[in-house]
Amino acid sequence: CPSPQAIVWDEYLTGPFGLIAQYSLLKEHEVEKMFTLKPGRLPQADVKNIIFFVRPKLELMDIITDNVLREDRGRSPQRDFHILFVPRRSLLCEQWLKEQGVLGSFIHREQYSLDLIPFDGDLLSMESDGAFKECYLESDQTSLYHAAKGLMTLQALYGTIPQIFGKGDCARHVANMMIRMKREFPGSQNSIFPVFDTLLLLDRNVDLLTPLATQLTYEGLIDEIYGIQNTYVKLPPEKFAPKKQGEGGKDLPTEPKKLQLNSAEELYAEIRDKNFNAVGSVLSKKAKIISAAFEERHHAKTVGEIKQFVSQLPHMQAARSSLANHTSIAELIKDITTSEDFFDNLTVEQEFMSGIDTDKVNNYIEDCIAQKHPLIKILRLVCLQSVCNSGLKQKVLDHYKREILQTYGYEHVLTLNNLEKAGLLKPQASSRNNYPTIRKTLRLWMDDVNEQNPNDISYVYSGYAPLSVRLAQLLARPGWRSIEEVLKMLPGPHFEERQQLPTGLQKKRQHGENRVTLVFFLGGVTYAEIAALRFLSQMEDGGTEYVIATTKLINGTSWIKSLMEKLEPAPF
Amino acid sequence: MSRARADEEEYWHSSKFRAFTFDDEDDELSQLKETKRTVNSLRGIDDDDDDDDDLERVSWSGEPVGSISWSIKETASSSTSSVEGRDSSLQKGSSSYAAFPKQVSSYSLSSLFKGRNKLPSFQSLSDALSDTGVKNYAPELRRPKAEYKDYSSDWSPKDTVRRMQRGKVCSLERFRSLQDKLVLLDEAVAGHDGNVITAVLIFLKRTLRREILFRELEVRQVALCHLIHFLKETDEQKLLLDLLRFLDRSEEVALSQYREHLNIQDVEKRKEFLKACIGLPFSAEDTSHIQDHYTLLERQIIIEASDRHLEKAGQSEIFQRYPRKASILNMPLVTTLFYSCFYHYTEAEGTFSSPTNLKKTFKIPDKQYVLTALAARAKLRAWDDVDALFTTKNWLGYTKKKAPIGFHRVVEILQRNSAPVQVLQEYVRLVEDVETRLNLATKYKCHDVVIETYRDLKDRIQLTAYKCKVERGSAEEEKINSILNNT
């Protein structure tokens, strides 16, 4: 539009958009103002056009309706409204707007297909909050449709992926849709040399266990404790002392400290995927190196030497401030991981995962309920126990349910039902517990885990090797044929599809050249799983490198939360 | 920060693999502290870090869009490459990704993105902003011929669905016969796009008789799920329940109806609603929970009315000393029990608000009851009540201390409520496991218990060592001395 404009943002979108566009860029395109979407009258702004950037959600449509209806008709010049749906234009929403009588107020209604957002050099996410819930509770496969579309886009850019493997119902659906889309656009055969050799589609419900366990990598723990949102984390400010001298007298900051976390930061790239127990020694080593580097200034005698030193200064300073930040974060985390409760919780998790006492009521869980620990923590543990026992004995399940309802309120019966529907919490169907077989065959529990200098992916959970990543690992070598039996025990079909490439594009692999596999987690992936895949990428004789895509970055807490029934806030 | 990028890469590259070969085995915490000290000591030298650059802040008229402006500022100031790239961002879309990290994995998307002319998301964002009239922002694959035709009213069901998937408006009205409508629905389902499926369902819902719609959906599970989801979203409770009933999904009907109570603010109405829910076809297990939910709210209403009155009248001592912080309405059962143990502990079992009555009505397990009562009485520092809670008399009249939760838990709870040592040690003494007992006694300075335990263990060394933990010239010291002398 030629004239100045204002954007009204659905707040949820600002995070992902912040990753791909900068304000300066928007400004070049005459975006004068930006507001967050909220009910009431729109703020004053001397612009001709108002553009709503929103997800297609009905509750947001209500807010927009309110905004539009309150717009002062008499004002001049009149402002024009436009609406941009992300990622899809929704007929349902438009219908809704029509019923409210405001649809006509919008001059343009368009969509902006933001399917896969790059989060890091090897990580893409759709940031679709409800994907798991929609797929497994509501049987709404829209997010799978977007996933398939995203994959088609990716193939248009990086070449057709010759091999597709998958496990799970949703994986099957996505593969079907991709094949169908390809058939419907025969012209889509592109002439790009394929970057990816293999696509692996994995359903989250094939591995319900992994997200429930507490992640023990550095990044995983930051996420577990503080929650990483669109690569940003907000931390309590106390440990981040004022930056400069002379500000020492100032009061401690009260605003949370906000940091961006990605591999652009060298130190973070090095430690993010390590087991937290291995982080301290790296930090102390780095401190010594940097400290020595700064010391060198005393030895710089000649102008040349001084010049050399000065030229390194910016880098050294960046490294120093990065080190300071991560030392503070590590301290914050250490306070938590050394607490008694963290230890007890972890002990119980590890007992369940290694198959100890999964068939009876657990004392620690009971104690936590009695002390009214957060409900989500309880649910994580109970679900973990259920998954590790292929379902709980009816008596045990009933006991937990009763305790939870009596302590946290009967209305949570709805949440418990959701968890049952998703398969996270269930009565044992037969007397047979498959988990021990799965655990042994896939070597999910490793007793001799090396946290400092790992030789197996199980380091990310200090003993437990994430099932999902094990499947990826075994697919690369020796192949899934070796684990047919176990694959049959896990839910959903497993399959292989091939996409023909024109002869000219077929890869002739150089000796020692790695294969590249794109692993797509349908329903969410945790940072610990990402760490495990990166670990496999780095293995010297691994032979496979991984790029990761997902519908959403999750941890046990955010995941369980997405399955909980939205309850009215407590009356006070 | 990125000025020395090249150097930086080399520098870090060389040190990259050392990460796996550390030798320090020191205690982690002290290591962290030391690291921090080292880092802090370096602070004096630099004076950059000034992130405030000239980038203009967005003026929000009081309502800042936090994250995007913030991230804009951050990325802009930390990466020159992206700033430079801005001007040419349209022809060289990958520039924005140059700001994207160098990878842990040697494979990185940033390298993948390089050299591509058309970076879809970037391109389209700028398009979207420069010209909202541009029809298609999405990175579309090549479109079929049909797409270029002008508006036509003669789309096949398949084309209609495909158009809708592209976000184009289509009139569905021309699908008149049931046959046509169902073909349309099946096409939509085959496309897996929930948006389109829902749109078609809305159309069918409007134009088909209910029985026919239900009947046809029964054999189309995917579409059925979407309709159920849609009805839930839009709160069309009545139609939803009809549908679920038609499908014989009685439990879902029950839960779905029960969910409604959350929208009822008025407690009396909510209570009546819950009462009506009891008869619904829940699973046996859930039925008893719903029944309890109703009974609990009924109780709470009675208790609330009477207590509010008591509190206002100012006659009751307990309410004056400990004014209620909130109403008890809609609180969970255990919270209610705590409340009743706090304010109504001594009441006879006959009253609705007495703890024993609650315990009986809701079949609260002993363990749960004792824990809650203990916490409540300890909070009031009513140590006699605490004592009575664990005292049982056998038929000969001997008293005995018993706890269904283990005395170490009792000690913890008492300690949290800052019980005096005299009270505490009485329960520490009852902890059966010797090691736990010693630990607790030492932790909470119950000297007598420690001393007696060592005496019983005949552990002279520990006992002697413990002497330095008690005060000089105190009764405890004397006690230790006398034990040491007597053996």
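Above: the structure in question.
For clarity, every value in this text was computed on a predicted model and none was experimentally measured.

Chemist: Looking at this structure, I do not really get the overall build of chain B. What am I missing?
Modeler: Of regular secondary structure, chain B possesses 27 helices and 2 strands. Expressed as a percentage of its 487 residues, the buried residues of chain B come to 47%.

Chemist: What am I meant to see in the overall build of chain A here?
Modeler: Within chain A one finds 22 helices and 15 strands. Relative to the globule expectation of 25 Å for 572 residues, the C-alpha radius of gyration of chain A, 26 Å, shows essentially globular dimensions. Dimensions of chain A along its principal axes, counting C-alpha atoms only, are 75 × 70 × 70 Å. Residue burial in chain A is summarised as follows: out of 572 residues, 64% are buried. Sequence separation of at least 24 residues holds for 79% of the intrachain contacts in chain A that already meet a minimum separation of 6. Of the roughly 21300 Å² of accessible surface on chain A, 51% is carried by carbon and sulfur atoms.

Chemist: Help me understand unusual backbone geometry, please; the structure alone is not making it clear to me.
Modeler: Keep in mind that most residues, glycine aside, have a negative phi and that most peptide bonds are trans. Note the cis peptide between R477(A) and P478(A), where omega equals 5°. Relative to the helices and strands, P478(A) resides in the loop between α19 (467-476) and α20 (484-489). For K363(B), which is not glycine, the phi torsion reads 50° and is therefore positive. As for its placement among the helices and strands, K363(B) is situated in the loop between α19 (355-361) and α20 (366-379).

Chemist: Would you explain the nonpolar core in this entry?
Modeler: Burial of nonpolar side chains together is a common tendency in soluble globular proteins. Judged by nonpolar contacts, the single largest core of 240 residues is most densely connected at L201(A), L424(A), L471(A), F520(A) and L414(B). Looking at this core, the element that brings in the most residues is helix α15 (residues 375-388) of chain A, giving 10 residues. Beyond its immediate sequence surroundings of up to four residues, L201(A) is in contact with L151(A), I164(A), F165(A), G166(A), K167(A), A171(A), V174(A), A175(A), F495(A) and F520(A). Residues C93(A), A188(B), A199(B) and I202(B) belong to the second largest nonpolar core, which totals 61 residues.

Chemist: What's the story with the packing of helix α11 (residues 210-218) of chain B against helix α12 (residues 221-233) of chain B in this structure? I'm lost.
Modeler: Helices that pack against each other are described as a pair by the angle of their axes relative to one another and the distance between those axes. All names here are of chain B. As a packed pair, α11 and α12 sit with axes 7 Å apart at the nearest point and diverge in direction by 125°. With respect to α12, the element α11 is oriented oblique. Taken together, the residues of α12 that come into contact with α11 (itself represented by L213, L217 and E218) are Q221, A223, L224 and L227. Looking at the contact of α11 with α12 residue by residue, the classes come out as 5 nonpolar, 1 polar and 1 charged.

Chemist: Quick question: what am I supposed to make of the sheet that holds strand β3 (residues 49-54) of chain A here?
Modeler: Backbone hydrogen bonds are what pair the strands of a sheet, in a parallel or an antiparallel way. Residue and element names in this part refer to chain A. As summarised here, the arrangement of the 5 strands in space is β2-β1-β3-β4-β5, forming an open sheet in which the pairing is parallel. In the strand order of this sheet, the two ends are held by β2 (31-36) and β5 (106-111), each with one partner. For this sheet, the mean inter-axis angle between neighbouring strands, taken without regard to orientation, is 20°. Bridge analysis of strand β1 (residues 5-9) against β3 gives 5 bridges, and the strand direction is parallel. Residue pairing in the sheet places I7 in a bridge with I51 of β3.

Chemist: Explanation requested: the sheet that holds strand β11 (residues 232-235) of chain A in the structure shown.
Modeler: Strand order in the open sheet formed by 3 strands is β10-β11-β12 (chain A), and the pairing between neighbours is antiparallel. The outermost strands of the open sheet, each flanked by one partner alone, are β10 (228-229) and β12 (257-260) of chain A.

Conventions and cut-offs
Residues numbered from 1 in each chain as written. Chains lettered and ligands numbered in written order. Predicted model: local features only at pLDDT ≥ 70, side-chain atom pairs only at ≥ 80, totals over all residues. Heavy atoms only, no water. Helix = DSSP H or I, 4+ residues; strand = E, 2+ residues; numbered from the N terminus. Buried < 20%, exposed > 50% of the residue type's maximum accessible area, 1.4 Å probe, protein only. Rg over C-alpha atoms; globule rule 2.2 N^0.38 Å. Contact = heavy atoms within 4.5 Å. Areas by Shrake-Rupley, 256 points an atom, 1.4 Å probe, with all protein chains shown as cover. Core = buried A, V, L, I, M, F, W, Y, C linked by side-chain atoms within 4.5 Å. Axes fitted to C-alpha atoms, helices over the stretch in contact; angles between N-to-C directions. Parallel < 35°, antiparallel > 145°, perpendicular 65-115°, else oblique. Nonpolar A, V, L, I, M, F, W, Y, C, P; charged D, E, K, R; others polar. Pairing = 2+ DSSP bridges.

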